[in-house]
Amino acid sequence: MRKRSRRARAVLAAVAAVVLGAAGCDGGGGPAAPGGTKAHAARPPVWDRSPESIAAVGDSITRGFDACAVLSDCPEVSWATGGDARVDSLAVRLLGVPGAAERSWNYAVTGARMADLPEQMEQAARRGPQLVTVMAGANDACRSSASAMTPVADFRADFEKAMRTLRTALPRTQVYVASVPNLKRLWSEGRTNALGKQVWKLGICPSMLADADDLTAPAMVRRESVQQRVVAYNAVLKEVCARDRRCRFDGNAVYDYRFGTDQLSQWDWFHPSTDGQARLAEIAYRRITATHP
C-alpha cells in the first residue's frame, strides 16, 4: 500500500507540473531564475497609459464644429486629435506634435448619432490604433422634439454594436468613452446671451433649446425629460464600457464639468469653443493617464 501511494503521488506531481507549465504558456516560457527558483514573466498592465496611436469617433464636438468659423468643421482644434497649440489635444499630449500628425485619425462626423458609430468604428479599426476615443450621444438627445429622442434601448444596442465591431477587429485596442454633455446647463448658460438665443431659433437642439425664455411648466418638463434621457445615455455608456476590461468611461467628468459661456462657440452658443475643446482634452488626458480608472 505504501509503494502504491508513493507511485500515485508521483503521477499526480507529474500531472500538476504539466498543467502548471501549460498555464504559464500565455506569457512565454523563460529561463529558470537564479538560485533554482522558477521565473515568472511580469504581465503588462491591462491599461496602457501611453498609447502610441489614436483614432477618434463621434460627432460634431470631436470635429471642432463652429470653433473656428461659422457652420464649419475645424478638426485642427479637436480635443481628441487637433494640432492647435491653444487646445493641446489629447493626441498632442500623448504622442507629441509630430506623433499626433502621423498617428492620430479623426473619423467623427458632424451630425452623427450613436447609430452611426459602428461604421465609424469600422473605419477607425482599419488604422489599427492603440486607443479609440468615443464622444457621441448629444445628437440622440438633441432632436426636433423630446418625443423624437433616440430610445435608451436603441442607444444601448447601437453602442454595443459599435464595441463589438471594434473588438472583432482589434481585441486589445483601448477605448476612452466621454460622457454626453449636460444639455440643461447649456440652456441655462447660453440663454443669458441675446445673440445665442436668436441663433438657437434656427433649429439648434430644439428638444432642449427651443423657446429658451419659456419658463412655463410644460417647457420645464420638456427640458427635464431631455436631461433625464442624457442621464440614461450616460448610464448606458458606463455599463457597457464596464464590461470591457480595456474600456474607460470618464466617470461623467464631461457631464459634470461646469462650463460657462467662454467654453461655448460664439457662433452658435452650443458647440465648444477653442477653450471648451481644451477643457475636453484635459479631462480626457487625466482619465486616460490615471493609474486607476
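Conventions and cut-offs
Counting starts from 1 at the beginning of each chain's written sequence and moves along it residue by residue. Given that this is a predicted model, residues contribute local features only at a pLDDT of at least 70 and side-chain atom pairs are listed and counted only at 80 or more, while totals for whole chains, interfaces and linings are drawn from all residues. To get the side-chain values, all heavy atoms of the structure are used, and hydrogens and water are removed first. Between buried and exposed lies partly exposed: a residue is buried under 20% and exposed over 50% of the maximum accessible area for its type, with that area taken using a 1.4 Å probe on protein chains only. The helix count covers DSSP runs of H or I at least four residues long, the strand count covers runs of E at least two residues long, and both are numbered beginning at the N terminus. Should DSSP find at least two bridges between two strands, the strands are taken to pair. Any Lys or Arg side-chain nitrogen located within 4 Å of an Asp or Glu carboxyl oxygen qualifies as a salt bridge. As used in this record, nonpolar core signifies buried Ala, Val, Leu, Ile, Met, Phe, Trp, Tyr and Cys residues forming a set joined through side-chain atoms within 4.5 Å. The criterion used for residue contact is that any of the two residues' heavy atoms lie within 4.5 Å.

K.L.:
Report on the pairing of strand β3 (residues 131–135), specifying residues and quantitative values.
P.N.:
Where burial is concerned, most of β3 is hidden: five out of the five residues are buried. On β3, burial covers both faces: Leu131, Thr133 and Met135 on one face and Val132 and Val134 on the other are all buried. Bridge count between strand β1 (residues 54–58) and β3: five bridges; the pairing is parallel. From the neighbouring strand, Gly58 faces β3, where its bridge partner is Met135. Relative to strand β4 (residues 174–177), β3 runs parallel, the two being bridged by four bridges. Residue pairing across strands places Leu131 opposite Gln174, the latter belonging to β4.

K.L.:
Quick rundown of the pattern of salt bridges? Include the residues and the values.
P.N.:
Scanning all chains against the criterion turns up 15 salt bridges. Note that Arg86 and Asp84 form a salt bridge whose closest N and O atoms lie 2.9 Å from each other. Owing to a relative accessible area of 19%, Asp84 belongs among the buried residues under this scheme. Measuring nitrogen to oxygen at the nearest pair gives 2.7 Å for the salt bridge that ties Arg243 to Glu160.

K.L.:
Tell me what's going on with the nonpolar core, and back it up with residues and numbers.
P.N.:
Of all hydrophobic cores here, the largest spans 49 residues; its most connected members are Val134, Phe159, Val177, Leu183 and Leu209. Considering every element that reaches this core, the biggest residue donor is helix α10 (residues 217–242), with seven residues. Not counting residues within four places of it along the chain, the set of residues in contact with Val134 comprises Val57, Leu117, Met121, Phe159, Val175, Tyr176, Val177 and Ala178.

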